[in-house]
Amino acid sequence: LGVISIPFVKFFRDASVIEDVRSAESAERLRRRIRNCLGTSGRHPLHVAGLEAHRRGKFKQASELLARAALEAPEDLAIATDLGKLLVLDGQYARAQDLLSALPVEAQQYPPIARLLIHLGFLRTAAEAPPMDELLQRLQQDGQDPEARYAAAARCIVNDQYEQAMEHLLHLAALDPEFRDDVGNRGLVALFDTLGHQGALVETFRPRLESLLQERVRWSDRP
């Protein structure tokens, strides 16, 4: 992320940097920056209240407020996104999955929700997956085992081992594009989003993914 001094703060929205702070600031000025970046103007009042409750550590109240906001403004997908994130932070993966999967298909394609669904898949898989040693042994016996490859990637992601996760996902994208709706490709893109589309890992793996996708096109064009 190009950190060259401390303090160094970047504010992200939808995986893009919208502002950064490269020097010490007063607490009040930093709070003002945060409020500006949150952009609460125009949001549903219950949405704003839910986020504020979460900031104060009142999870139950926050989830109830966001759920009410989602019912009153179902067209505002930012509310459903934040409610889903809140459930994920609380470890309620199944409930978050049910919430987001119940949305219309068009809503599930909303980028923040699509990314959250991908990460939910990784989290739930990692929670249920065999130990990593067992997964690696399965891959040594059969490198084309997509379930073992996906589970290994999921375990790497929850352990912040992004490079190993990307290797598994790239292998999976090359192995079987139809597996879980091309989760190898979609998972890599979600990790690029998580890393802010910058850094050594993104610079290494993005060209490799693009090359793979181009190769797919060439093969599909052959008679």
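Now for a look at the structure at hand. Remember, it's a predicted structure, so these values are computed and weren't measured experimentally.

Criteria and cut-off values
- Residues numbered from 1 in each chain as written.
- Predicted model: local features only at pLDDT ≥ 70, side-chain atom pairs only at ≥ 80, totals over all residues.
- Heavy atoms only, no water.
- Helix = DSSP H or I, 4+ residues; strand = E, 2+ residues; numbered from the N terminus.
- Buried < 20%, exposed > 50% of the residue type's maximum accessible area, 1.4 Å probe, protein only.
- Lys, Arg positive; Asp, Glu negative; His and termini not counted.
- Charge placed at Lys NZ, Arg CZ, Asp CG, Glu CD.
- Arc of directions from axis to C-beta.
- Contact = heavy atoms within 4.5 Å.
- Core = buried A, V, L, I, M, F, W, Y, C linked by side-chain atoms within 4.5 Å.
- Axes fitted to C-alpha atoms, helices over the stretch in contact; angles between N-to-C directions.
- Parallel < 35°, antiparallel > 145°, perpendicular 65-115°, else oblique.
- Left-handed = near helix turned anticlockwise from the far one by under 90°.
- Nonpolar A, V, L, I, M, F, W, Y, C, P; charged D, E, K, R; others polar.
- Phe/Tyr/Trp six-rings, centres within 6.5 Å; stacked < 30°, edge-to-face > 60°.

Some remarks on the overall build of the protein chain
Counting its regular elements, the protein chain contains 12 helices and 2 strands. Moving toward the C terminus, one meets the helices and strands of the protein chain in the order β-β-α-α-α-α-α-α-α-α-α-α-α-α. Each principal axis of the C-alpha atoms in the protein chain carries an extent, and together these give about 55 × 45 × 40 Å. Expressed as a percentage of the 223 residues in the protein chain, the buried residues total 35%. Computing the positive centroid from 28 side-chain charges and the negative centroid from 32, the protein chain places the two 8 Å apart.

Points about helix α2 (residues 45-55)
Looking only at α2, the buried set comprises L46, H47, G50 and A53. Buried positions in α2, seen along its axis, are confined to an arc of 125 degrees and lie on one side of it. With respect to the buried face of α2, the exposed residues turned more than 90 degrees away are P45 and R55. Among the structural elements, α3 (59-72) and α4 (77-89) are those in contact with the buried residues of α2. Looking one or two residues past α2, G57 carries a phi angle of roughly 85 degrees, positive in sign.

As for the side chain of S63
On the secondary structure map, S63 appears in helix α3. Sequence-distant contacts of S63, defined by excluding residues within four places in its chain, comprise L83 and L86.

Some points on the nonpolar core
Grouped together as the largest cluster of nonpolar side chains are 24 residues, with contacts concentrated most on F122, L169, L188 and F192. Examining the composition of this core, we find that 6 residues originate from one element, helix α10 (residues 162-175), more than from any other. Leaving out residues up to four positions away in the same chain, L169 has contacts with F122, A153, I157, V183, G184, G187, L188 and L191. Counting residues in hydrophobic clusters, the runner-up holds 22 residues, among them L77, L87, V88 and L120.

A short note on the packing of α2 against α4
At a closest axis distance of 11 Å, the pairing of α2 and α4 adopts a crossing angle of 20 degrees. Here α4 runs roughly parallel to α2, going by the angle between their axes. Here the hand of the crossing between α2 and α4 comes out left-handed. Note on element contacts: α4 touches α2 through A78, I79, D82, L86 and L89, opposite H47, L51 and H54. Along the lines of polarity and charge, the residues of the contact of α2 with α4 split into 5 nonpolar, 2 polar and 1 charged.

Regarding the packing of aromatic side chains
Under the definition given, this model contains 2 aromatic pairs. With centroids separated by 6.1 Å and ring planes inclined at 70 degrees, the aromatic side chains of Y150 and F179 adopt a geometry described as edge-to-face. One end of the pair, Y150, is in helix α9 (residues 146-158); the other, F179, is in the loop between α10 and α11 (183-194), and 29 residues separate them in sequence. For the pair shown, Y150 and F179 are each scored as buried. Grouping aromatic residues by their ring pairs yields a cluster made of F122, Y150 and F179.

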